[in-house]
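Single-letter residue listing:
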Amino acid sequence: MSASRRSGTTDEIGPDEQGPEGPQGSGGPEGPSGSDLLAALLDGMDAALCAFDVDGVVTHWNREAERILGWTAAEAVGRHGFAGWAVRSADAEEVEGRLLSAMHAPGRQVHEFALLTKDGGRVLVRTQSAAVRGPDGKPAGLYCAFSEVHAQIDLERSIALSEALFEDASWGVVLVDADLRPAVVNAHAARALGIGRTSVLGRPLGELLAQGVEELESALTHVLAEGAPPAPAEIWVSVRTPEGEQRRCWRCGFVRLASPLAEEPVPLGVGWLFQDVTEGKQGEQEASLLRFRTNQLHRAARAAAECEDPREAATVHLDFALAGFADHALIDRVAGGAVADGAVTDGPLRLVRVAATPSGAPGPSPLTGQAGLPVRYAEGHPALQCADRIGSVRASVGAVSAEAAREWAIARQWPADSVHALCAVLRSRARTLGVVTFLRGSGRSQFERADAVYAEDVAVRIAAALDLSEVLGRG
């Protein structure tokens, strides 16, 4: 406990104190005395503290000072300065001079020097000392708070790290409170969210993100309950921007924050760190998709090479291309034979269905069109446009009702659940042989340019098979 030259207390508590029986220092059942309260406050401090009177005699010594140096309050209080016990004799004059100089200097003074422990060791401490003035304004002594330098440096590093994270970090840092609302946001995170640093504070995450909120809130709740996950998590979100919603992938790390002042861990919230890895993830997905499609083309070529009938080889290419790419596929040939570039035809171009994926249970695409009847495609149909332009054509139903989408597909002679279409022309020996059409349902996204490139690769192989069939007289 704290002690002084007068049985563990001091008469320098304050000018209004009237002793244990007085009104300010009541030692009765009404409450603790002023000296007891002072002793409790000193012993509860996290920093070591000692005090000197005007003559340099130690008047106070708290438990943290005892912990650091090993000297008890009874051993320290009443000694004159640190010489001979807490400081080496060779250093005593310099140390005491630097300490006592604070008695006549304005404000606080900070020093670093080595103190001796009771067992003879040395501890480098950082001190903050300032004068204690009496009622007349003259120095009545001084107090000296000190801590081990490494502990002070650790604290300064923690503070510096915190400030750097919230100012200069190249990734997003957000402190989320126990209610899952942002409490502190750094500049990088604010830019990623598309909102100002102050505007984001205290708002629900659902107001900041268009999609991905449920997954993010689930992760934050898990961290609050269970602690930090062992590895970063990748979360896809949609951020609202002036240009519309943007799909982003954030690699997120989480740490649970607990109060260092509480005896039991009290969660203050979650530290959420994230980095935008959208470009890298998209590159990985594109590379993986390209590898899969290349493997499919390779497997299709090997399987087609074993087919005696070239028309069967064409359906093999169609079936292999369908995996992971579309829900339905059709092959239409030009009625009357292939059309050479620049050739004059009698009437509009007509197409005959050669093969189609089964509409019910999955299986190989059967060959059709033996009767040679043209498909009832209306003028302006995407397949006819594809053959006329000698290039790929994409079409989508757009944002309409389910019934309207069904009518749109049926009107184009496609399966009723089709909402996206991609037509690729079948070309061989500078002639147009027909069109291959890939169709997707509502559960898939619309066809992109990369999809058209893949469809054109498949179309080249199908066209070669159909051209061989024509040469062999099996068309």
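Residues numbered from 1 in each chain as written. Predicted model: local features only at pLDDT ≥ 70, side-chain atom pairs only at ≥ 80, totals over all residues. Heavy atoms only, no water.

Peer 1: How would you explain the side chain of Arg293 if you had to name every residue and give the values?
Peer 2: Of note, Arg293 is situated in helix 9 (residues 278-304). The contacts of Arg293, once residues within four sequence positions are left out, are Phe325, Arg440, Ala450, Asp451 and Tyr454. (Helix = DSSP H or I, 4+ residues; strand = E, 2+ residues; numbered from the N terminus. Contact = heavy atoms within 4.5 Å.)

Peer 1: Give me the lowdown on the pattern of salt bridges, citing residues and values where you can.
Peer 2: As enumerated under the stated definition, the model contains 21 salt bridges in all. Close ionic contact of Arg88 with Asp91 constitutes a salt bridge, the shortest N to O distance being 3.2 Å. The partly exposed category is assigned to Arg88, whose relative accessible area is 39%. With a closest N to O distance of 2.8 Å, Arg293 and Asp451 form a salt bridge. You can see Arg293 sitting in helix 9 and its partner Asp451 sitting in helix 13 (residues 449-471), a full 158 residues away along the chain. For the pair Arg293 and Asp451, a shared accessibility class is recorded, and that class is buried. Salt bridges here are not isolated pairs; linked through shared partners, they connect Arg333, Arg429, Arg431, Asp467 and Glu470. (Salt bridge = Lys/Arg side-chain N within 4 Å of Asp/Glu carboxyl O. Buried < 20%, exposed > 50% of the residue type's maximum accessible area, 1.4 Å probe, protein only.)

Peer 1: Tell me about the sheet that holds strand 1 (residues 48-53), residues and numbers included.
Peer 2: By way of backbone hydrogen bonds, the strands of a sheet pair with one another, either parallel or antiparallel. As summarised here, the arrangement of the five strands in space is 2-1-5-4-3, forming an open sheet in which the pairing is antiparallel. Every interior strand has two partners, whereas the edge strands, strand 2 (58-61) and strand 3 (109-116), have only one. Strand-to-strand twist of the sheet, defined as the mean angle between neighbouring strand axes without regard to direction, takes the value 30°. Sheet topology places strand 3 next to strand 4 (residues 122-133); eight bridges connect them, and they run antiparallel. In the sheet register, Gln109 faces strand 4, and the bridge partner there is Ser129. (Pairing = 2+ DSSP bridges. Axes fitted to C-alpha atoms, helices over the stretch in contact; angles between N-to-C directions.)

Peer 1: If you had to explain the side chain of His317 to someone new, which residues and values would you point to?
Peer 2: Residue placement: His317 occurs in helix 10 (residues 310-322). Residue classification places His317 among the buried positions, given a relative accessible area of 9%. The residues contacting His317, other than those within four sequence positions of it, are Ala300, Ala301, Ala304, Val458, Arg461 and Ile462.

Peer 1: Please give an account of helix 4 (residues 89-100) that cites residues and values.
Peer 2: Along an α-helix, a turn takes 3.6 residues, which lines up residues three or four apart on a common side. Between its terminal C-alpha atoms helix 4 stretches 17 Å, which fits the 16 Å expected from twelve residues at 1.5 Å a residue. Every buried residue of helix 4 is accounted for by Asp91, Ala92, Val95, Glu96 and Leu99. For helix 4, the arc enclosing every buried residue in end-on projection is 130°, short of the 170-degree limit, so these residues lie on one face. The outward face of helix 4, more than 90 degrees from its buried face, is lined by the exposed residues Ala90 and Glu93. Looking at the buried side of helix 4, the elements it contacts are strand 3, strand 4 and strand 5 (139-148). (Expected span 1.5 Å × (residues − 1). Arc of directions from axis to C-beta.)

Peer 1: Break down the sheet that holds strand 9 (residues 233-241) for me, with residues and values.
Peer 2: As summarised here, the arrangement of the six strands in space is 7-6-11-10-9-8, forming an open sheet in which the pairing is antiparallel. The strands lining the two open edges of the sheet, one partner per strand, are strand 7 (182-185) and strand 8 (209-211). For this sheet, the mean angle separating the axes of adjacent strands, direction not counted, is 40°. Across the sheet, helix 9 is in contact with strand 9, strand 10 (244-258) and strand 11 (267-276); its angle to strand 9 comes to roughly 115°.

Peer 1: Now, about the layout of surface pockets: what can you tell me, with residues and values included?
Peer 2: Looking at the largest pocket, its volume works out to about 630 Å³. In this structure, the largest pocket is lined by 19 residues; those nearest its centre are Glu286, Leu289, Arg293, Ala450 and Asp451. For the lining of the largest pocket, the secondary structure elements donating two or more residues are helix 9 and helix 13. For the lining of the largest pocket, the element with the most residues is helix 9, which contributes eight residues. Tallied by class, the residues present in the lining of the largest pocket amount to six nonpolar, six polar and seven charged. In terms of lining residues, the second largest pocket is bounded by 22 residues, among which Pro348, Leu349, Leu384, Ala387 and Asp388 are the most central. Elements with a contribution of two residues or more to the lining of the second largest pocket: strand 13 (339-340) and helix 11 (382-389). Ranked by residues supplied to the lining of the second largest pocket, first place goes to helix 11 with four residues. Of the residues that constitute the lining of the second largest pocket, the class distribution is twelve nonpolar, six polar and four charged. (1 Å grid on protein atoms, 1.4 Å probe; cavity = no way out; pocket = protein on both sides within 12 Å on 5 of 7 lines; lining within 4 Å. Points joined across faces, edges and corners; volume = space filled by probe spheres on them. Nonpolar A, V, L, I, M, F, W, Y, C, P; charged D, E, K, R; others polar.)

Peer 1: Outline helix 9, supporting the account with residue identities and numerical values.
Peer 2: Between its first and last C-alpha atoms helix 9 spans 38 Å; for 27 residues at 1.5 Å apiece the expected length is 39 Å, and the two agree. For helix 9, the complete set of buried residues consists of Thr278, Lys281, Arg293, Gln296, Leu297, Ala300 and Ala304. Looking at the buried residues of helix 9, the elements they touch are strand 9, strand 10, strand 11, helix 10, strand 17 (431-440) and helix 13.

Peer 1: A description of the packing of aromatic side chains should follow, citing residues and the corresponding values.
Peer 2: By convention here, two paired aromatic rings are described through the distance between centres and the angle between planes. All chains considered together, the criterion is met by twelve aromatic pairs. Centre to centre, the rings of Phe82 and Trp85 are 5.6 Å apart; their planes meet at 75°, and the pair counts as edge-to-face. A residue is classified by how much of its surface remains accessible, and Phe82, at 2% relative accessible area, is buried. Centre to centre, the rings of Trp408 and Trp414 are 5.6 Å apart; their planes meet at 65°, and the pair counts as edge-to-face. Take Trp408: its relative accessible area is 14%, and that puts it in the buried class. With relative accessibility at 5%, the residue Trp414 sits in the buried group. Among the aromatic residues, ring-to-ring pairing joins Phe52, Trp61, Trp71, Phe82, Trp85 and Phe146 into one connected group. When the ring centre of Phe325 is taken as origin, the NZ or CZ atom of Arg440, which lies over that ring, is 5.4 Å away. The residue whose ring lies beneath Arg440 is Phe447, and the NZ or CZ to ring-centre distance is 4.0 Å. (Phe/Tyr/Trp six-rings, centres within 6.5 Å; stacked < 30°, edge-to-face > 60°. Lys NZ or Arg CZ within 6 Å of the ring centre and 35° of its normal.)

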